[in-house]
Amino acid sequence: MSFDPVPYNLFQGVSTWLQVMGLGLLLVVVTTLAGSLGYGLKGPVLWFWGVIGAIKDVSEISARRIWALAMLTAREAIRRKALLVFGVFALLFMFGSWFLSSPGEKADIQIQRHVVFVFTAISWLVLPVVLMLSCWGIPEDIKARSMHTVVTKPVRRIEIVLGRMLGFSLIATLVVALMAVAGYIWIDRQVSQDAHGQLVCKVPVYGKLAFLDRQGQPASAGINVGDVWTFRSYIEGSTKACAIWEFERLGDSSLMALPATKDRETTRGLRVQTGFESFRTHKGLMSSGLLCQLTLVNPSTNLRVPLPAFEVAEYRGDANVTPIPASLTYYDSEARKNKTVDLLKDVIADGRLKIEARCLNGEQFLGMARPDMFIRTADRSFAVGFFKAITGVWLQALVIVMIGVAASCFLKGPVATLMTFAVLIVGQSFRGLIDKIVSGDQLGGGPLESIYRMVTHLNQTVELDLSKSVTGTIKWTDWISQQGIWLVQQTFPNFGYFGMSPYVAKGFDVDFRAAIVPSVAVALAYFIPCVLLGYFALKLRELESK
Amino acid sequence: MNNLSSRQRKLVYLAVIVILLIPIIWLGRPTSGTGATRDQGKLAQLRTRYDLGENQLGQVDPTSAAMNLVLLGFRGIAADLMWSQADDNETTKNWAELRSNVDTIIMLQPHFVRVWQFQGWNLAYNVSAAWDLVADRFFWVKEGAKFLKKGRAINEKVAQLPYEEGRILGSKMGRADEWKYFRQFFKKDPNEELYKGLADPELNPKGTDNYLAAKDVYLVANDLQQKFPNTISMLDVLFRSYPYRSQLSYADALQREGHFDDSSRVAWEQSYREWVENFGQEKFYGPAGAYHLEMTERDMQEAAEGQGTDVEEFTHWVLRMQNETRFPYWKFRAQAESAQLMVDAHRLIYDGEKQFVQGKLSTARDSLLRGMTMYEQLFSKFPVLATDDEALEESITAVYYWQRILKLEFKPIPAQYPLSVVYANHSNLLPVIESRFKRDTGQD
């Protein structure tokens, strides 16, 4: 896989959310309380009763009223021809295959193309529609004065906000669900028969990765062979260099049926899949891939069981599966005889297993990253991964609805649209850049330093050629703007979590802890602030002001 | 703001719309279909006059046309974003998305020739090199060629694109380190499941040699160059030499693969005829007047006098163009390669190298020595061979193998042996030969 599905730290996420939320609330309390002092002593009293009223509103929320408002909102969205989006969707899918398929295409490439197309089409169609609907609903109601008839009914403002959110979410759910089903059927029909076998969801068990250098000493990483992409690091062939994966929680349930080969009948065992990259310093034997050997190591007894070497088939996913039968026969070079061991009893210790990978070709290198070796448990149906990944699009649409509705409670339609769109663009496209700037990994400094470097054509890696005081001033000014970007990083949603299509495109099941948990957490994290913001904004808003 | 009622305002809008529509309709009237320009709108007339219509540039891709229409004026921005993404895909080795993004870029800019050129080359040279297995590399080389083939269908008036396609089919497949595999794969695709042991019909419908397929594409390029001379980016005399160079490379490749029978001799004879009689007789226009490459000094003098130009200047330019195309060298080479002595020398050296790999040292030694002796005779018979890199490499490689055998047999290398002078004078070639020896034999 070309990315590392690192499990999301939910505890850290929740604590950060509590800190930001607490700080935000404190800020609001302090500023509004200070502002209320403008009305004299009466101000804080009014403020206090306002808060009490809000608590009362929250405690008396009626599900029936919210549902009624939601139904009203959904009907209004349908009346505004939101479902016309299906027409565009149908057109795309009718003609998409014209330019997506080409004869002789590799199976994995074919699958990736179709999956990426379906997810891109669904996202690009659904998100703008829900964005427009949620941002224009309340402002249009206020303009048309239909809001007046609602607020004069025994309906609380918080129920209007929640009803709106629920109504638009229902529309988003309906649209995403129908498109997902259509998309799934379309992929199933479009992918050629010979590629159909690869239309599955692999369920990987990942381990921890460590390296030994060419002298056999522990190293933090392998060798950098000069690849711009530093995702993988490399081990040198015919030396003591190796990469060691340590797996945990393995047991009888990890074993699965292995198909019969010429040497053995059908048996049970582990399937280890690798995805190493080759780097050659000379052409060597061009017709064959580089040789790699895996050695199983018992972490407690240090029993070493070498497996037969295999040729690395670069970027060919399923071609690199090593079956390890439950009963293993290997040649013990010290005892100079064949030995048979039981995988579960002799090699795996308390569910733990180490696997060492070595390159056997001298002066050649194999590149490795943590997700490049995993234990492949029973595959799941493609549908499982596909619909899990669709929840990403769905949750993203819900977050857009929440932000859009909240924004529309205090802004007019066009401004709310622009604001929500900006949040979407920043959260989706600029997240990587923001993270780099905040972490200090971005070369070239902040805005002022970058401007200076661009104007003077100064390389990003060269120190600034200015006096200490000027450099200090530039750095300090940039630090201030960096704090602003930090604030954006902390408050804008990270839409990157919702992009789960790469898992399915690469033939993997969507990782629960690395993808589902953070995306649900982000959606929930924005729910409370958006509802509160919408509620207070609508409560304080002068409805007569169009 | 004003005193107009809502209805009045709408009527004013309607009137403005109608007034604006008149020039738009007049300017944008479609083509008449009969070709009579007087019946066409102004824009259609200009399109016809300057060959700017989509259908006049090549086949119209409906998806591409629709996409550009939908994007209004934003296709430049969209193309920039796609380029950036494609670049990122290549860095992160995300090949499927790279291919999709390249296709999208092309849909956005179907007539931007540089894009076709760059991306075709990128797929065939850079992306293919990023893969380890030869069959995978071949797949991407084919992708590059297919991409350019698609490009020339959409840009039917650009000679450079078939030339680039020919370069991938010919030079890339025939000269890469993996050439032995690529040439075989071109006739028998490694994807046996799909192509059933035959060639990929999209690139090689005749199932022919890669150099001959390249020759066909180069000939298409030459036809286009004649009609649209400004669509190439090199000297016309060089550009037009490629179909004939491809034929020469074909004959050469047969020998490299050990075909020393009639097929290679016939190929060399055909190469000679085409080089001298076809390409050599083509008329070109240089700074000093019209000329063709198959000219003796006397021909040049007569031609210069006939055109009333300075003989010295005319001769200078013709000789310069002959050198640019290596016309005399290839003429001589095709002639020499047809000689039996040359064929025998090649065969003996080829056999000797093969026998060395098989461990038949004494047979290999004899074959190589006889080949070296023949080569020495050829060097004295055709002195121009001493300037031919390939002949030098082949002869010095033979000596290198022969010396290795003597070392393995613990025999001394005599002070004098066939090709000893050539070997001593071109020792700079040894590092390349050593690395090739290591690769071909697996020995240090």
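Residues numbered from 1 in each chain as written. Chains lettered and ligands numbered in written order. Predicted model: local features only at pLDDT ≥ 70, side-chain atom pairs only at ≥ 80, totals over all residues.

As a further point, take the overall build of chain B. Along its length, chain B carries 23 helices and two strands. Expected size for 444 residues packed as a compact globule is a radius of gyration near 22 Å; at 29 Å, chain B overshoots this value by more than 25%. Going through the 444 residues of chain B one by one, you find that 37% of them count as buried. Long-range contacts, defined as pairs at least 24 residues apart, comprise 59% of the intrachain contacts of chain B with a sequence gap of at least 6. (Helix = DSSP H or I, 4+ residues; strand = E, 2+ residues; numbered from the N terminus. Rg over C-alpha atoms; globule rule 2.2 N^0.38 Å. Buried ≥ 20, exposed ≤ 12 C-beta atoms within 10 Å, placed from the backbone. Contact = placed C-beta atoms within 7 Å.)

What follows covers the packing of helix α3 (residues 63-79) of chain A against helix α7 (residues 157-190) of chain A. Working note: a packed helix pair is described by the angle between its axes plus the distance between those axes. All names here are of chain A. Where α3 contacts α7, the axes come no closer than 7 Å and their chain directions differ by 50 degrees. The orientation of α3 with respect to α7, classified from their angle, is oblique. Where α3 crosses over α7, the two elements pack in a sense that is right-handed. Taken together, the residues of α7 that come into contact with α3 (itself represented by Arg65, Ile66, Leu69, Ala70, Met71, Leu72, Thr73, Ala74 and Ala77) are Glu159, Ile160, Leu162, Gly163, Arg164, Leu166, Gly167, Phe168, Leu170 and Ile171. (Axes fitted to C-alpha atoms, helices over the stretch in contact; angles between N-to-C directions. Parallel < 35°, antiparallel > 145°, perpendicular 65-115°, else oblique. Left-handed = near helix turned anticlockwise from the far one by under 90°.)

Counting residues in each nonpolar core, the largest one holds 109 residues, and the members touching the most others are A:Ile235, A:Ile355, A:Ala357, A:Leu366 and B:Val141. One finds A:Cys201, A:Val401, A:Tyr503 and A:Ala523 within the second-largest nonpolar core, a separate group that totals 80 residues. (Core = buried A, V, L, I, M, F, W, Y, C linked by C-beta atoms within 7 Å.)

Attention shifts here to unusual backbone geometry. Backbone phi values are negative for most residues with the exception of glycine, while trans is the configuration of most peptide bonds. Residue and element names in this part refer to chain A. Here arginine 336, not a glycine, exhibits a phi torsion of approximately 55 degrees, which is positive. Of note, arginine 336 is situated in the loop between β13 (327-332) and β14 (337-342). Accessibility expressed as a C-beta count within 10 Å gives 7 for arginine 336, which makes it exposed. Phi is positive for histidine 457, close to 55 degrees, though the residue is something other than glycine. Examined against the element boundaries, histidine 457 turns out to sit in the loop between α13 (447-456) and α14 (468-491).

Okay, α3(A) next. All names here are of chain A. Helix length check: α3 (17 residues) gives 24 Å between terminal C-alpha atoms against 24 Å at 1.5 Å per residue, within 8%. Those residues of α3 lying buried are Ile66, Leu69, Ala70, Thr73, Ala74 and Ala77. One side of α3 holds all its buried residues, which, seen down the axis, span an arc of 140 degrees. Exposed residues pointing more than 90 degrees away from the buried face of α3 are listed as Arg64, Arg75 and Arg79. Buried residues belonging to α3 abut α5 (107-143) and α7. Backbone geometry just after α3 places lysine 81 at a positive phi near 65 degrees. (Expected span 1.5 Å × (residues − 1). Arc of directions from axis to C-beta.)

This brings us to the environment of A:Ile171. Residue and element names in this part refer to chain A. Relative to the helices and strands, isoleucine 171 resides in helix α7. A residue is classified by how many C-beta atoms lie within 10 Å of it, and isoleucine 171, with 27 of them, is buried. In this view, isoleucine 171 contacts Ala74, Ala77, Ala82 and Leu133; residues no more than four positions away in its chain are not counted.

The subject of this paragraph is the pairing of strand β16 (residues 364-368) of chain A. All names here are of chain A. Summarising burial for β16: five of the five residues are buried, a large majority. Because side chains alternate across β16, one face comprises the buried residues Gln364, Leu366 and Met368, and the other comprises Phe365 and Gly367, equally buried. Here four bridges tie strand β8 (residues 277-280) to β16, and the two strands are oriented antiparallel to one another. Following the sheet pairing, serine 278 is matched in β16 by leucine 366. (Pairing = 2+ DSSP bridges.)

Let us now look at the packing of helix α10 (residues 382-408) of chain A against helix α16 (residues 512-540) of chain A. All names here are of chain A. In the contact formed by α10 and α16, the axes pass within 9 Å of each other and the chain directions differ by 15 degrees. Regarding the angle of α10 to α16, the classification is roughly parallel. When you trace α10 past α16, the crossing you get is left-handed. For the pair formed by α10 and α16, the contact residues are Lys388, Gly392, Leu395, Leu398, Val399, Met402, Ile403, Val405 and Ala406 on the first element and Ile516, Ser519, Val520, Val522, Ala523, Tyr526, Phe527, Cys530, Leu533 and Gly534 on the second.

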